[in-house]
Protein chains: 2
Amino acid sequence: MTISYDGTRFYGWERQLTTDMTIQGKLENVLNRMLELPEGETVTVIGAGRTDAGVHARAMTANVLLDTGKTEDEIRAYMNQYLPEDISVNELKVCADRFHSRFKAKGKTYCYTFWCADRKPVFDRKYVTVIEERPDVDRMRRGLERLVGTHDFKSFCGNNKMKKSTVRAIFDAEIKEQGPYIRIYFHGSGFLQNMVRIMSGTLLEIGLGHMEPEEIDAILEKQQRKFAGPTAPPQGLCMMNVDY
Amino acid sequence: MTISYDGTRFYGWERQLTTDMTIQGKLENVLNRMLELPEGETVTVIGAGRTDAGVHARAMTANVLLDTGKTEDEIRAYMNQYLPEDISVNELKVCADRFHSRFKAKGKTYCYTFWCADRKPVFDRKYVTVIEERPDVDRMRRGLERLVGTHDFKSFCGNNKMKKSTVRAIFDAEIKEQGPYIRIYFHGSGFLQNMVRIMSGTLLEIGLGHMEPEEIDAILEKQQRKFAGPTAPPQGLCMMNVDY
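Residues numbered from 1 in each chain as written. Chains lettered and ligands numbered in written order. Predicted model: local features only at pLDDT ≥ 70, side-chain atom pairs only at ≥ 80, totals over all residues. Heavy atoms only, no water.

Labelled according to an unreviewed UniProt entry, chain A appears under the name tRNA pseudouridine synthase A, originating from [Clostridium] aminophilum. Here chain A is described in UniProt, under the heading Catalytic activity (unreviewed entry), as follows: "uridine(38/39/40) in tRNA = pseudouridine(38/39/40) in tRNA". (UniProt positions renumbered as here; feature names shortened; annotations may be inferred.)

See below:
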């Protein structure tokens, strides 16, 4: 299935024992109800990624094993009826048994949006990060170029206990300026925890002249989180697409 | 000044004694504070129109008489700092003494947005009216054509005690379909209470085949609210522009 959500009210994708305000939790609860599972039993919805609290998605993908006589359309209609208005199942279809939304993903696209204007983002205020000073987008682009490619992104990983490989590939990336919006698109093999937000925060520092575009190479090389810029806030981040 | 607001949380434009959750009330309170007016004294912000509870504006205009040493930029910065995040003053400048945002308005543009899709409007859910069945937009266009021009719009007036003239001119109007969005734009001399919402609700009925486009003529002629269609809900309506 393909899912959109406004992450504002949620504690991220991943199910938690202490709250039902997670995307995975909401999806599973609705499916458990549909299947009339006994208390304590649950389906497991496997997402392509685990977005942080406050992060949005236009097209997150997920798979789940369901034993039901309902059709694809009936399942989707049921889910959309009982899910809150800030979560929508946009597509749902039967997949191969061995499909796995995370392991089979070939690439993911994220977009980080800054808003810089004399006016406030009244209608988009939950989906952008407001910045006061206009950054030099050409400098940001020169920094971004140095992130593209296969690198060890350890310096851009928010999990300092990360045991597994921190090597990732960014296939391509671009920055689009549209009036007050400055949008950074990242298309890559996968992203480490907070990686897009740390890259976005670092590029903003470069755009504001607090760091040089060329410093990206040294930051990558040092493999320590402290050399990269700050983690940009969650509300500017949106998962755009997963390709298979 | 030109103001954007997300009307979701507000009881409309007009100041009320029983709540401070109105747009005019918020603007006046911030200006009273800026001017350090004594308790009980207030400035009066005159808006180009009085939007209903839940209705939005991209560019409402308003004027106010202020006795202050502050510059235009300082006033606007002060207002944006103390106004809530769902109200933004986008432009503010000194005008002629005799300027009046309502009396001097030559025309206004409103947009009514329906959303019709298999998926839910996750990111726009506060700004659209969801409809289940896809209307025939060509039929809606044929109905809309009959509304354009100078007519007595009494049948499209939500205030049945209206004493003043209910004649208004619609200069032009159009319907744009963009994916799930069906947007009806009305550009006219001015609009009666609920007029855009009643026209939109009537056009939807026509699109769904419950009324004929040609019936618009008879509805206009009868000059009674009961012959027009239902009042479409407020959240789909947005004031787009005022021209002078």
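(A) Expanded view of the domain arrangement of chain A. Residue and element names in this part refer to chain A. Along its sequence, chain A is carved into domain 1 (2–91) and domain 2 (107–243). In this structure, domain 1 and domain 2 have C-alpha centres spaced 28 Å apart. At the junction of the two partners, domain 1 supplies 15 residues and domain 2 supplies 14 residues. Between domain 1 and domain 2, the buried area comes to about 1,100 Å², and carbon and sulfur atoms account for 58% of it. It is Asp 52, His 56 and Arg 58 in domain 1 that bury the most area against domain 2; as a group they hold 38% of the surface buried on that side. (Domains from an automatic or database assignment. Contact = heavy atoms within 4.5 Å. Buried area = accessible area lost by both parts, 1.4 Å probe.)

(B) Inspection of the relation of the copies chain B and chain A at higher detail. After a rotation of 180° and a shift along the axis of 0.0 Å, chain B superposes on chain A with an RMSD of 0.0 Å. Here the transformation between the copies is reduced to the relation of a two-fold axis. A high fraction, 100%, of the interface residues of chain B reappear at the interface in chain A, so the copies pair face to face through one surface. (Least-squares fit on C-alpha atoms with pLDDT ≥ 70 in both.)

(C) Region of the structure containing the interface of chain B and chain A. Taken residue by residue, the interface counts 23 residues in chain B and 23 residues in chain A. Summed over both sides, the interface between chain B and chain A buries roughly 2,000 Å², with carbon and sulfur atoms accounting for 52% of that surface. Area buried by chain B at its contact with chain A is led by Lys 120, Phe 123 and Arg 125 of chain B, which between them contribute 37% of it. Residue Arg 76 of chain A pairs with Asp 118 of chain B through a salt bridge whose shortest N-O separation is 2.4 Å. Put simply, chain B and chain A have 16 residue pairs in polar contact (both at pLDDT 80 or more) between them. (Salt bridge = Lys/Arg side-chain N within 4 Å of Asp/Glu carboxyl O. Polar contact = N/O pair within 3.5 Å; in protein donor to acceptor, adjacent residues only side chain to side chain.)

(D) Focus on the pattern of salt bridges. Applying the stated criterion across every chain, the model contains 28 salt bridges over all chains. Ionic pairing is found between Asp 138 of chain A and Arg 141 of chain A, a salt bridge with its closest N-O pair at 3.5 Å. Here Asp 138 of chain A pairs with Arg 141 of chain A, and both are found in helix H3 (residues 137–147), just three residues apart, close to one helical turn. Using a relative accessible area of 31% as the deciding quantity, one classes Arg 141 of chain A as partly exposed. Several salt bridges converge on common partners, so that one network encompasses Asp 6, Arg 9, Glu 85 and Asp 86 of chain A together with Arg 125 and Lys 126 of chain B. (Helix = DSSP H or I, 4+ residues; strand = E, 2+ residues; numbered from the N terminus. Buried < 20%, exposed > 50% of the residue type's maximum accessible area, 1.4 Å probe, protein only.)

(E) Inspection of the packing of H3 of chain A against helix H4 (residues 195–207) of chain A at higher detail. Residues and elements named next belong to chain A. Direction vectors running N to C along H3 and H4 enclose 140°, while the axes themselves pass 8 Å from each other. With respect to H4, the axis of H3 lies oblique. With respect to the hand of their crossing, H3 and H4 are arranged in right-handed fashion. Contacts between H3 and H4 involve Arg 139, Met 140, Gly 143, Leu 144 and Leu 147 on the former and, on the latter, Met 199, Leu 203, Leu 204, Ile 206 and Gly 207. The class makeup of the residues in the contact of H3 with H4 is seven nonpolar, two polar and one charged. (Axes fitted to C-alpha atoms, helices over the stretch in contact; angles between N-to-C directions. Parallel < 35°, antiparallel > 145°, perpendicular 65-115°, else oblique. Left-handed = near helix turned anticlockwise from the far one by under 90°. Nonpolar A, V, L, I, M, F, W, Y, C, P; charged D, E, K, R; others polar.)

(F) Layout of the UniProt feature "active site" (unreviewed entry) in chain A. All names here are of chain A. What UniProt calls "active site" (unreviewed entry) maps, in this numbering, to Asp 52. Inspection of the secondary structure assignment puts Asp 52 in the loop between strand E2 (46–47) and strand E3 (56–63). Sequence-distant contacts of Asp 52, defined by excluding residues within four places in its chain, comprise Gly 12, Asn 194 and Arg 197.

(G) Spotlight on the side chain of Asn 90 of chain A. Within the secondary structure, Asn 90 of chain A sits in strand E4 (residues 87–91). Judged by relative accessible area, which is 15%, Asn 90 of chain A ranks as buried. One polar contact links Asn 90 of chain A to Ser 88 of chain A, side chain to side chain, over a distance of 2.7 Å. Leaving out residues up to four positions away in the same chain, Asn 90 of chain A has contacts with Thr 2, Ile 3, Ser 4, Arg 58 and Arg 76 of chain A together with Arg 119 of chain B.

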